[in-house]
Amino acid sequence: QVQLVESGGGLVQAGGSLRLSCAASGRTFSNFVMGWFRQAPGKEREFVATINWSGGSTYYADSVKGRFTISRDNAKNTVYLQMSSLKPEDTALYYCAASTRRYLPILPHEYVYWGQGTQVTVSS
């Protein structure tokens, strides 16, 4: 089992920045590919970014490329999502997730463990 706890969400004006954190406990954190997803009211859960076990490989949704950066600190069992140039359409509940796949997965069913989410609201 892996427990994931997100933090760092909040209310921010358009153009602002936030950094989300996801702390993991349980099984060896570095064994997992980590990802961030988001879900806005009435919409399906959407892939945001993913990072491999070492942090050396990442992949982003087109909608956030160039504005968001995913990173991880295996010594702290934590994955981060630095979000800049935020837009109102970035408003959503943000989830981190852990996968045992040996590539960079972008579909929710490819992830085994999920956090409870942290709310990000971007005002215009």
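Here the structure is a predicted model, which is why all the values come from computation and not from measurement.

Draft legend 1. Seen up close, the overall build of the protein. The number of helices and strands found in the protein is zero helices and eleven strands. Along the protein, from the amino end to the carboxyl end, the secondary structure elements read β-β-β-β-β-β-β-β-β-β-β. Computed over its C-alpha atoms, the radius of gyration of the protein comes to 13 Å, within 12% of the 14 Å expected for a compact globule of 124 residues. With respect to the principal axes defined by its C-alpha atoms, the protein has extents near 40 × 25 × 25 Å. Taken across its 124 residues, the protein has 44% of its residues classed as buried.

Draft legend 2. Structural context of the pattern of salt bridges. In this structure the tally under the stated criterion is five salt bridges. Among the ionic pairs, Asp90 bridges to Arg38, the shortest N-O distance being 2.9 Å. In this pair, Asp90 sits in the loop between strand E8 (78–83) and strand E9 (92–99) while Arg38 sits in strand E4 (residues 33–39), placing the two residues 52 residues apart along the sequence. The class of Asp90 is buried, set by a relative accessible area of 0%. Between Asp62 and Lys65 there is a salt bridge, with its nearest N and O atoms 3.1 Å apart. Residues joined by salt bridges that share partners form a network here, namely Arg38, Glu46, Arg67 and Asp90.

Draft legend 3. Spotlight on the nonpolar core. Within the largest apolar cluster, 35 residues are counted, with the highest numbers of intra-cluster contacts made by Leu4, Trp36, Val79, Leu81, Met83 and Tyr94. Looking at this core, the elements with two or more residues in it are strand E1 (2–7), strand E3 (18–26), E4, strand E5 (46–51), strand E7 (68–73), E8, E9 and strand E11 (118–123). The element contributing the most residues to this core is E9, with five residues.

Draft legend 4. Seen up close, the state of the cysteines. The tally for this structure, following the rule as stated, stands at one disulfide. One disulfide in the model links Cys22 with Cys96; its S-S distance is 1.9 Å. Placement of Cys22 in strand E3 and of Cys96 in strand E9 is noted, with a sequence separation of 74 residues between them. By the burial criterion, Cys22 is buried, and Cys96 matches it.

Calculation notes
- Residues numbered from 1 in each chain as written.
- Predicted model: local features only at pLDDT ≥ 70, side-chain atom pairs only at ≥ 80, totals over all residues.
- Heavy atoms only, no water.
- Helix = DSSP H or I, 4+ residues; strand = E, 2+ residues; numbered from the N terminus.
- Rg over C-alpha atoms; globule rule 2.2 N^0.38 Å.
- Buried < 20%, exposed > 50% of the residue type's maximum accessible area, 1.4 Å probe, protein only.
- Salt bridge = Lys/Arg side-chain N within 4 Å of Asp/Glu carboxyl O.
- Core = buried A, V, L, I, M, F, W, Y, C linked by side-chain atoms within 4.5 Å.
- Disulfide = S-S within 2.5 Å.

All quantities given are derived from atomic positions and should not be read as evidence of function.
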